[in-house]
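These are the residues of each chain, in order.
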Amino acid sequence: MENVCDEQVYSQLFRTHSTTVFNFIFYKFGNEEKAHDAVQEAFVKLWENCAKVTPDKAKAFVYTVANNLYLNVIKAEKVRLKHRPDQAPVTRQSPEYLMEEQEFGERLQAALNRLPENQRTVFLLHRIDGKKYNEIAELEGVSVKAIEKRMHLALKSLRENIDGI
Amino acid sequence: MKPTFLARWINGELSPEELDAFRKTPEYATYERIARASEQLRAPEFDVEAALERSRDARHDSKGKVIRLRPSALNRWMGVAAAVVLLFGAAYFYISSRPALVQTGIAQQSEVVLPDASEILLNAGSQVTYREENWDSSRKVRLEGEAFFKVAKGKTFTVETGIGEVTVLGTQFNVLQRDKIFMVRCFEGLVRVQAGENTVELPAGTAFRMVNGQVEPAAPVTDTTPEWTRNESAFRSMPLGFVLEEFQRQFQVEVNTRGLDLSQRFTGSFSNTNLKMALESIRAPLQLSADVNGNQILLYAAEAP
């Protein structure tokens, strides 16, 4: 049977889940250093417990460790996201259009920073990482329903913020 | 609007009728732009392979877990520097077939637990390297600096240093090797020391010491653990230069001397936790004067009154 103590299995798990752990912590707190630390902490713990944790439980294990790591410890900072570089636009867009897009992007960014940490995390995991609600639920350790509610509230607040309500 | 409506919308789960109705609302335009703009967002770069490498190194350390026993506000930056050195050092050794490396900076101690549950307590400014593979058949540790070993029973356990080698089967002993000084103290069991042409068997309570290539008589061991594990540095007839170096390993200070013979021998001890008291423990018996200026300490012969 596959064993997490096996270097191959461990590396595979790391490659599959580390980016999500990193992004998850980053979306929560906006702190890259803490996100890096969370990845290390979670996977070193996984290694230390490799005899006890089966490969199919490993994902939930690292998520739980990462999630517990900063419970109420650090204050959220601004989440600074990057914009995807333009993928060679087919039609040339007018400068006005581009400017407007950029301005909207900035307003979205500002609105994101005003969201409660749990709503922002759900929104960004879905939008950037393409995570499904059930996967996010597993990460956060809550029900899918709760995640859907957070997503709904996130969109509602973002819209209200951007439209200046 | 149901409390999950927007979540279903952005996930493409609405029925055509629901979607049609939603599109007619005045808010729809902004929602649509949020959905579009958020697709262009990216998280900060995360280099998976680099992180995996770091994780491998951290795992080696965690097998012999690095525990900072005595963190001090003074050594924050040294800690950072040591961590960086450790990282690069570990990365380097990883490339050349990966022995584990544990290192301590100034005023730090570390505890290393080896695969067979043998323990190494590292004094400040020291390092050990060892290979975890085939540990049970080949128990070998390379030491630079000073460490106290509690060896679990098993195959021969060897400590290699720049001057000599210590072999044991299962016991507790302290090895110190810095510059030209090599000292082994046996606290339990029996150890064999091999340095140059000398091979000595040390039963519990005895010690071996060599300074500048010369074997010197060593005082018997009466304690159960070395003094430094209790935050005290003790010396018996050790060169003053070595004592001052140890002082700088235990405290974040720079010691300079003026007109002092650093080869003169010193017998005494100092606290590793109280800088003022520690300085006094060296200064007073040697009848020196000390000028303290921030982290700089100047020691010089007291002038005659």
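Residues numbered from 1 in each chain as written. Chains lettered and ligands numbered in written order. Predicted model: local features only at pLDDT ≥ 70, side-chain atom pairs only at ≥ 80, totals over all residues. Heavy atoms only, no water.

*Asks:* So, the sheet that holds strand 16 (residues 254-258) of chain B: which residues are in play, and what are the values?
*Replies:* Residues and elements named next belong to chain B. Pairing in this open sheet of 3 strands is mixed, and the strands run 16-19-18 from one edge to the other. Strand pairing shows two members of the sheet lacking a second neighbour, strand 16 and strand 18 (288-293), which therefore form its edges. On average, adjacent strands in this sheet sit at an angle of 20° to one another, irrespective of strand direction. Bridge count between strand 16 and strand 19 (residues 296-301): 5 bridges; the pairing is parallel. From the neighbouring strand, Val255 faces strand 19, where its bridge partner is Ile297. Sitting on the sheet, helix 6 (residues 240-250) touches strand 16 and strand 19, and the angle it makes with strand 16 is about 155°. Contacting strand 18 and strand 19, helix 7 (residues 275-283) crosses the sheet at an angle of about 155° to strand 18. (Pairing = 2+ DSSP bridges. Helix = DSSP H or I, 4+ residues; strand = E, 2+ residues; numbered from the N terminus. Axes fitted to C-alpha atoms, helices over the stretch in contact; angles between N-to-C directions. Contact = heavy atoms within 4.5 Å.)

*Asks:* Quick rundown of the confidence of the model for chain B? Include the residues and the values.
*Replies:* All names here are of chain B. Mean pLDDT over chain B works out to 83, with 86% of the residues at or above the 70 mark. Across chain B, the element-wise mean pLDDT spans from 48 in helix 5 (residues 76-95) up to 95 in helix 1 (residues 5-10). Throughout residues 63-79 the model reports pLDDT below 50, and contacts reaching past four residues in sequence, or to other chains, amount to 40 contacts. Overall, residues 89-97 carries pLDDT values under 50, and its contacts beyond four positions in sequence, including any with other chains, amount to 13 contacts. (pLDDT = per-residue confidence, 0-100.)

*Asks:* Which residues make up the state of the cysteines, and what values go with them?
*Replies:* Residues and elements named next belong to chain A. Within the structure shown, the criterion is met by 1 disulfide over all chains. Across the disulfide from Cys5 sits Cys50; the S-S distance is 2.0 Å. Between Cys5 and Cys50, the S-S torsion sits near 95°, and that sign places the bridge as right-handed. Within this pair, whereas Cys5 is found in the segment before helix 1 (7-29), its partner Cys50 is found in the loop between helix 2 (32-48) and helix 3 (55-69), the two being separated by 45 residues in sequence. Residue Cys5 is classed as partly exposed on the basis of its relative accessible area, which comes to 29%. Exposure remark for Cys50: the relative accessible area of 9% places this residue in the buried category. (Disulfide = S-S within 2.5 Å. Buried < 20%, exposed > 50% of the residue type's maximum accessible area, 1.4 Å probe, protein only.)

*Asks:* Outline the side chain of A:His17, listing residues and values.
*Replies:* Position of A:His17 among the secondary structure elements: in helix 1. With relative accessibility at 12%, the residue A:His17 sits in the buried group.

*Asks:* With reference to specific residues and values, describe the interface of chain A and chain B.
*Replies:* With 49 residues of chain A at the contact, the number on the chain B side is 41 residues. Both faces considered, chain A and chain B share a buried interface measuring about 4200 Å² in area, 58% of it formed by carbon and sulfur atoms. Inspection of the chain A/chain B interface yields 4 salt bridges. With a shortest N-O distance of 3.5 Å, A:Arg127 and B:Glu39 are connected by a salt bridge. Counting across the interface, chain A meets chain B through 14 residue pairs in polar contact (both at pLDDT 80 or more). (Buried area = accessible area lost by both parts, 1.4 Å probe. Salt bridge = Lys/Arg side-chain N within 4 Å of Asp/Glu carboxyl O. Polar contact = N/O pair within 3.5 Å; in protein donor to acceptor, adjacent residues only side chain to side chain.)

*Asks:* Give me the packing of aromatic side chains: which residues, what numbers.
*Replies:* Residue and element names in this part refer to chain B. Tallied over the full model, the rule gives 25 aromatic pairs over all chains. Between Phe235 and Phe242, the aromatic rings sit 6.0 Å apart at their centres with planes inclined by 80°, giving edge-to-face as the arrangement. Both residues of the pair, Phe235 and Phe242, count as buried. Taking 5.3 Å as the distance between ring centres and 75° as the angle between the ring planes, the aromatic pair formed by Phe247 and Phe270 counts as edge-to-face. Placement of Phe247 in helix 6 and of Phe270 in strand 17 (residues 265-271) is noted, with a sequence separation of 23 residues between them. Of the two residues, Phe247 and Phe270, neither departs from the other in class, the shared state being buried. Of the aromatic side chains, those joined through ring pairs into one cluster are Phe235, Phe242, Phe247, Phe251, Phe266 and Phe270. (Phe/Tyr/Trp six-rings, centres within 6.5 Å; stacked < 30°, edge-to-face > 60°.)

*Asks:* Can you explain the packing of helix 4 (residues 95-114) of chain A against helix 3 (residues 28-39) of chain B? Please cite residues and give values.
*Replies:* Where helix 4 of chain A contacts helix 3 of chain B, the axes come no closer than 10 Å and their chain directions differ by 90°. In terms of orientation, helix 4 of chain A and helix 3 of chain B fall into the roughly perpendicular class. Counted together, A:Tyr97, A:Glu100, A:Glu101, A:Phe104 and A:Leu108 of helix 4 of chain A and B:Thr30, B:Arg33, B:Ile34, B:Arg36, B:Ala37 and B:Ser38 of helix 3 of chain B form the full contact between these two elements. Taken together, the residues that form the contact of helix 4 of chain A with helix 3 of chain B break down as 5 nonpolar, 2 polar and 4 charged. (Parallel < 35°, antiparallel > 145°, perpendicular 65-115°, else oblique. Nonpolar A, V, L, I, M, F, W, Y, C, P; charged D, E, K, R; others polar.)

*Asks:* Which residues make up helix 6 of chain B, and what values do they have?
*Replies:* Judged by how many residues are buried, helix 6 of chain B sits mostly within the fold: 9 of 11 residues are covered. By the burial criterion, the buried members of helix 6 of chain B are B:Leu240, B:Gly241, B:Phe242, B:Val243, B:Leu244, B:Glu246, B:Phe247, B:Arg249 and B:Gln250.

*Asks:* A description of the side chain of B:Arg56 should follow, citing residues and the corresponding values.
*Replies:* Relative to the helices and strands, B:Arg56 is located in helix 4 (residues 48-63). Since its relative accessible area comes to 12%, B:Arg56 is described here as buried. A distance of 2.8 Å separates polar atoms of two side chains, one belonging to B:Arg56 and the other to A:Glu7.

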